[in-house]
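The primary structure of each chain is shown beneath.
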Amino acid sequence: MTESGKPMNIVNENVVGSDSGLQTIASSERTEVDTDTPPFVFETIDLNVYYGDFRAVRDVNLTVAKNEITALIGPSGCGKSTVLRCFDRMNDLIETARVDGRVLYHGLDLYGPDVDAVEVRRRVGMVFQKPNPFPKSIFDNIAYGPRISGMAKKKADLAVIVERSLRKAALWDEVKDRLSSSALGMSGGQQQRLCIARAIAVDPDVLLMDEPCSSLDPIATTRIEELMKEIKDEYTIVIVTHNMQQAARVSDRTAFFSVEVNEQSDARTGILVEADATEKIFSTPADDRTERYVTGRFG
Amino acid sequence: MAEELRSAFHQELIGIQEGIASIAAGVTELIPRATEIILNGDLEGAEYLILGDAEFDRRSIELEERCFQIIALQAPVASDLRAIVSAIKIIADIERSADLCVNICKAARRIYGHELDPSLRGLIQSMGDQARVLFSEATEAYLHVDAVRSAALRDMDAYLDDLHRQFIQAIFQSHSGDTVDLQVAVQLAVVARFYERIGDHAVNIGDRTRYIVNGWVPEHPYPESDNEPSTPQLIAEQEEV
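Owing to the predicted nature of the structure, the values given are computational and were not obtained by experimental measurement.

Enquirer: Hey, could you go over the overall build of chain B for me, with residue numbers and the actual values?
Expert: A tally of regular secondary structure across chain B gives 8 helices and 0 strands. Counting from the amino terminus, chain B carries its helices and strands in the arrangement α-α-α-α-α-α-α-α. In terms of overall size, chain B behaves like a compact globule, its C-alpha atoms giving a radius of gyration of 19 Å where 241 residues would be expected to give roughly 18 Å. Principal axes of the C-alpha set define a box for chain B whose edges measure 70 × 40 × 25 Å. Long-range pairs, those at least 24 residues apart, make up 85% of the contacts in chain B with a sequence separation of at least 6.

Enquirer: Talk me through the environment of B:P218; I want residue IDs and the actual numbers.
Expert: Residues and elements named next belong to chain B. For P218, the location among the structural elements is in the loop between α6 (182–214) and α7 (224–227). The spacing of P218 and R208 is 10 residues in sequence and 9.3 Å in space, taken between C-alpha atoms. With residues up to four places along the chain from it excluded, the contact list for P218 reads R154 and D207.

Enquirer: Lay out the packing of helix α5 (residues 147–176) of chain B against α6(B) with the relevant residues and their values.
Expert: Think of two packed helices as two axes; the pair is described by the angle between the axes and how far apart they sit. All names here are of chain B. Their axes nearest at 9 Å, the elements α5 and α6 cross at an angle of 170 degrees. By the angle between their axes, α5 is roughly antiparallel relative to α6. The class makeup of the residues in the contact of α5 with α6 is 16 nonpolar, 6 polar and 8 charged.

Enquirer: How would you explain a nonpolar patch on the surface if you had to name every residue and give the values?
Expert: There is a patch of nonpolar side chains on the surface, built from B:L182, B:V186 and B:V190 and spanning about 250 Å² of accessible area. Mapped onto the elements of the fold, B:V190 is located in helix α6.

Enquirer: Which residues make up the interface of chain A and chain B, and what values go with them?
Expert: The interface is formed by 13 residues belonging to chain A together with 17 residues belonging to chain B. Both sides together, the interface formed by chain A and chain B hides about 1200 Å², and carbon and sulfur atoms give 56% of it. If you sort the residues of chain A by the area they bury against chain B, A:T295, A:G296 and A:R297 come out on top, with a joint share of 36%. The tally of links from chain A across to chain B stands at 1 salt bridge. For A:R297, the salt bridge identified is with B:D80, shortest N-O distance 2.8 Å. On inspection of chain A and its partner chain B, the count reaches 7 residue pairs in polar contact (both at pLDDT 80 or more). Among the elements that line the side of chain A that touches chain B, the one with the most residues is helix α12 (residues 288–294) of chain A, at 3 residues.

Enquirer: Tell me what's going on with the pattern of salt bridges, and back it up with residues and numbers.
Expert: Across all of its chains, the model carries 28 salt bridges over all chains by this definition. The shortest N-O distance in the salt bridge between A:E163 and A:R167 comes to 2.9 Å. Of the two residues, A:E163 and A:R167 are both situated in helix α6 (residues 155–168); the distance of 4 residues between them amounts to about one turn of the helix. Across the salt bridge formed by B:R96 and B:D99, the nearest N and O atoms sit 3.3 Å from each other. Note that B:R96 and B:D99 are positioned in helix α3 (residues 78–110) at a spacing of 3 residues, about one turn of the helix. Taking relative accessible area as the criterion, B:R96 reaches 36% and is therefore assigned partly exposed. Under the relative-accessibility criterion, B:D99 is labelled buried at 15%. Through salt bridges with shared partners, a single network forms among B:E12, B:E55, B:R58, B:E62 and B:R66.

Enquirer: So what's going on with α5(B)? Residues and values would help.
Expert: Residues and elements named next belong to chain B. With 30 residues, α5 extends 45 Å between its outermost C-alpha atoms, agreeing within 8% with the 44 Å of an ideal straight helix rising 1.5 Å per residue. Among the residues of α5, the N-terminal cap falls to D146, whose side-chain oxygen and the backbone nitrogen of V148 are separated by 3.0 Å. Following α5 by one or two positions, D178 adopts a phi angle in the positive range, close to 60 degrees.

Enquirer: Talk me through the side chain of A:T278; I want residue IDs and the actual numbers.
Expert: Tracing the sequence through the fold places A:T278 in helix α11 (residues 278–283). Filtering out sequence-adjacent residues up to four positions away, A:T278 remains in contact with A:A247, A:A248, A:S251, A:D252, A:R253 and A:T254.

Enquirer: Can you lay out unusual backbone geometry for me, pointing to particular residues and giving the numbers?
Expert: Residues and elements named next belong to chain A. Phi at D59 takes a positive value of approximately 45 degrees, unusual for a residue other than glycine. By secondary structure assignment, the location of D59 is in strand β2 (residues 54–60). Classification of D59 as partly exposed rests on a relative accessible area of 40%. The backbone of A170 sits at a positive phi, close to 55 degrees, despite the residue not being glycine. Mapping A170 onto the fold places it in the loop between α6 and α7 (172–175).

Enquirer: Tell me about the pairing of strand β4 (residues 69–73) of chain A, and name the residues and values.
Expert: All names here are of chain A. The buried fraction of β4 is high, at 5 of 5 residues. Side-chain alternation along β4 places I69, A71 and I73 on one buried face and T70 and L72 on a second face that is also buried. One ladder, built from 4 bridges, connects β4 with strand β9 (residues 236–240); its direction is parallel. Among the inter-strand pairings, A71 is bridged to a residue of β9, identified as I239. Two elements, β4 and strand β10 (residues 253–261), share 4 bridges in a ladder whose sense is parallel. When the bridges of β10 are listed, T70 appears paired with R253.

Enquirer: Give me the packing of helix α4 (residues 118–143) of chain B against α5(B): which residues, what numbers.
Expert: Residues and elements named next belong to chain B. Close contact between α4 and α5 brings their axes to 9 Å; oriented N to C, the two are set at 165 degrees. With respect to their mutual orientation, α4 and α5 come out roughly antiparallel. Once α4 is placed against α5, the crossing between them reads as left-handed. In the contact of α4 with α5, the residues fall into 17 nonpolar, 6 polar and 4 charged.

Enquirer: Quick rundown of the environment of A:V120? Include the residues and the values.
Expert: Residues and elements named next belong to chain A. Counting through the fold element by element, V120 comes out in helix α4 (residues 117–123). Note on V120: relative accessible area 1%, which makes it buried. The spatial distance from the C-alpha of V120 to the C-alpha of K280 is 32 Å, given a sequence separation of 160 residues.

Cut-offs used in this document
- Residues numbered from 1 in each chain as written.
- Chains lettered and ligands numbered in written order.
- Predicted model: local features only at pLDDT ≥ 70, side-chain atom pairs only at ≥ 80, totals over all residues.
- Heavy atoms only, no water.
- Helix = DSSP H or I, 4+ residues; strand = E, 2+ residues; numbered from the N terminus.
- Rg over C-alpha atoms; globule rule 2.2 N^0.38 Å.
- Contact = heavy atoms within 4.5 Å.
- Axes fitted to C-alpha atoms, helices over the stretch in contact; angles between N-to-C directions.
- Parallel < 35°, antiparallel > 145°, perpendicular 65-115°, else oblique.
- Nonpolar A, V, L, I, M, F, W, Y, C, P; charged D, E, K, R; others polar.
- Patch = residues over 30% accessible without salt bridge, like charges linked within 9 Å, V, L, I, M, F, W, Y side chains within 5 Å.
- Areas by Shrake-Rupley, 256 points an atom, 1.4 Å probe, with all protein chains shown as cover.
- Salt bridge = Lys/Arg side-chain N within 4 Å of Asp/Glu carboxyl O.
- Buried area = accessible area lost by both parts, 1.4 Å probe.
- Polar contact = N/O pair within 3.5 Å; in protein donor to acceptor, adjacent residues only side chain to side chain.
- Buried < 20%, exposed > 50% of the residue type's maximum accessible area, 1.4 Å probe, protein only.
- Expected span 1.5 Å × (residues − 1).
- Pairing = 2+ DSSP bridges.
- Left-handed = near helix turned anticlockwise from the far one by under 90°.

Written as structure tokens, this is what we have:
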């Protein structure tokens with residue numbers, strides 16, 4: 001299902017109607033895409049996000065390429081998590097949040113009127129800072145998504161999905177003998193991998209990770225980082241991290257965000273300073289602000 | 001406006017840079033001394049300079065270890081990473097250049113007692129002067145992290161290469177005129193090569209400084225291989241004439 005990568009599926013069919021209509025939308029978007037450029041999973045165009053009157057991020061133009069790990073780094077308040085939340089429309093859940101500009105998902109406007117946010121979140125999974133397993137068994141944590149989305153018709157199918165997901169998250173061997181015990185009894189690192197397995201279970205296209213290792217010890221952190229590299233052939237990953245070395249270790253591309261302070265109003269707005277190949281960002285960044293941040297010459 | 005968050009680390013980087021500039025300045029002084037030693041047949045001076053090399057080796061190793069420690073402990077990135085990577089390479093260039101001065105002194109011992117004709121003496125002096133100027137300039141450019149001055153070293157080195165070429169020709173003339181015997185001629189050819197190599201190390205230091213400034217890397221890892229013939233090549237050229 002993931003392989004198809006069809007963006008049309010996220011469109012609520014009740015609103016749009018026929019399939020041909022959807023394809024018109026999709027193909028008109030696609031004509032703008034240069035065939036030589038790598039296929040972008042996400043592309044933001046002049047993205048601005050407001051919380052009430054407060055503008056959190058300004059004019060972000062960022063691309064996320066398929067099957068790559070893109071790291072978003074920057075100081076607190078730079079808007080990196082805000083931008084991440086635009087990719088699965090989690091900002092919708094914040095009442096005062098407003099998104100201006102466009103976020104394209106496989107060339108399709110994610111904030112288009114006919115897009116179903118729930119379907120978006122099925123295709124774009126999220127892993128949070130703190131592991132948040134459901135107070136259920138390990139099996140039921142993984143089975144939850146497939147069950148409610150009707151992916152598994154039979155019980156046997158469900159078992160297959162659970163095993164496959166746990167294997168992908170490099171957790172199967174550790175938990176296969178205690179699938180019915182509570183997920184809350186697992187270690188922090190295991191819980192976080194369980195959350196990754198849970199996100200994978202509904203066969204998403206993208207995994208968003210918001211500081212997935214900040215509550216884990218170095219060994220658990222390394223496991224997650226290795227896991228990210230193992231699964232990136234199947235998924236596109238966007239990670240927000242405060243740990244610059246983590247961004248350097250795991251990501252293919254790094255986007256550096258910074259905070260711009262308006263002298264008069266003292267308003268602070270997040271901006272995208274530079275996005276480039278990770279090795280470039282950490283060896284010869286083009287922008288002086290990136291240079292100062294990664295070398296610790298800027299507070 | 002830059003607020004310093006890692007001042008101890010960045011102080012250490014500056015300390016290493018100054019340490020490197022200091023030993024480079026030492027080598028800059030060695031070059032004219034080596035030239036005087038070979039021109040004057042100064043055996044005592046040669047001995048003194050050769051013994052002094054251990055100090056250059058010791059300081060080079062110490063600086064290198066400080067670089068390794070920074071890599072191990074500080075995870076340097078961007079310009080800090082470029083500074084450390086370049087420092088390690090520059091240290092090797094400086095240490096090797098000190099060795100070349102030692103080699104010039106050893107050659108001085110081997111040709112002791114042989115008179116050199118004025119044209120050869122003049123060319124040795126010129127090569128020594130040019131090598132010193134190159135090394136001094138490379139040191140300054142590195143200390144001031146100056147990419148423009150560093151880039152100019154390549155042109156300055158072209159002049160040294162030209163002197164090298166002239167010198168090989170002069171050796172052949174002296175040898176055919178029976179003013180210098182074969183053993184001395186071979187030693188002199190090698191000495192010319194040592195000066196030429198010092199020039200190359202100065203160019204390397206310049207290239208590494210340019211890398212610190214903006215990540216620039218030369219297209220060819222060994223610039224002399226393209227346009228600077230080796231001593232055997234020069235000898236072969238002379239034989240063809």
